[in-house]
Amino acid sequence: MRLVHVLLLAETLPDAERLASAWHAAAPHAGTDAREVRVPGAGAAHAGGPPVPAPDDAASRGVLLAGPAIPVGRPAAVGPQDAGPAHPGPTAPGPASSALPRAEGAALTEAAARADVVVAYVTLLDGEGLHRGIVVEAAAAAAPHAVPVVVVTERSEVSRREWSTAGLSGVHEVADGDVARVARTWSPGWAR
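Bear in mind the structure is a predicted one, so any value in this text is a computation, not a measurement.

K.L.:
I keep staring at the overall build of the protein and nothing clicks. Help me out?
P.N.:
When helices and strands are tallied, the protein shows six helices and seven strands. Element order for the protein, N to C, with α for helix and β for strand: β-α-β-α-β-β-α-β-α-β-α-β-α. Of all 192 residues assigned to the protein, the portion counted as buried reaches 34%. Residue pairs at least 24 apart in sequence account for 70% of intrachain contacts in the protein once pairs closer than 6 positions are excluded.

K.L.:
Help me out: how do you make sense of the packing of helix 1 (residues 13–26) against helix 6 (residues 179–186) in this one?
P.N.:
One can describe the packing of helix 1 onto helix 6 by two numbers: an axis separation of 8 Å at closest approach and a directional angle of 60 degrees. Overall, the two elements helix 1 and helix 6 adopt an arrangement that is oblique. Relative to helix 6, the crossing made by helix 1 is right-handed. Along its contact with helix 1, which presents L19, A22, W23 and A26, the element helix 6 presents V179, A180, V182, A183, R184 and W186. The residue inventory of the contact of helix 1 with helix 6, partitioned by class, reads nine nonpolar, no polar and one charged.

Quick notes on the rules
Residues numbered from 1 in each chain as written. Predicted model: local features only at pLDDT ≥ 70, side-chain atom pairs only at ≥ 80, totals over all residues. Heavy atoms only, no water. Helix = DSSP H or I, 4+ residues; strand = E, 2+ residues; numbered from the N terminus. Buried < 20%, exposed > 50% of the residue type's maximum accessible area, 1.4 Å probe, protein only. Contact = heavy atoms within 4.5 Å. Axes fitted to C-alpha atoms, helices over the stretch in contact; angles between N-to-C directions. Parallel < 35°, antiparallel > 145°, perpendicular 65-115°, else oblique. Left-handed = near helix turned anticlockwise from the far one by under 90°. Nonpolar A, V, L, I, M, F, W, Y, C, P; charged D, E, K, R; others polar.

Quick look at the structure:
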């Protein structure tokens, strides 16, 4: 009987399976579910592809804080007509919206609901990775169920404040594939 269920996500199935194997070796009582998640457009943009142009309208200007846009400056007009659902204001910190097709996003959210922890693997975690790609999909799938999301990466270029605002519970840099340390951190003692 498995006591802890870990959902392991990567951009390729072999990466997800290697992560699952290393996790299971360190925490043998953990059940692992390895999945490949391909996010449309994330690979090209993150791998040095063309930058995504920012909208140029005045309503979209603001300060970007790991996802939410906070309007700055004096508004053009403020009155009772500017309040309510049509003008919800800035978004709260948390995971960005999913870019997956609806069926794939729903399946991933369902898998996250059954997990005790969701782990996403990326070789590099940078600001772009917090807004597009596998990390965003992991956080978006886990958020409705309050499942913690952990990122395993070879290198992180984001601060704790940035990744926690994006809905992540932990970021671990691993050298030489040392996933055992991360697995022991996120598995209860009785599950090892």
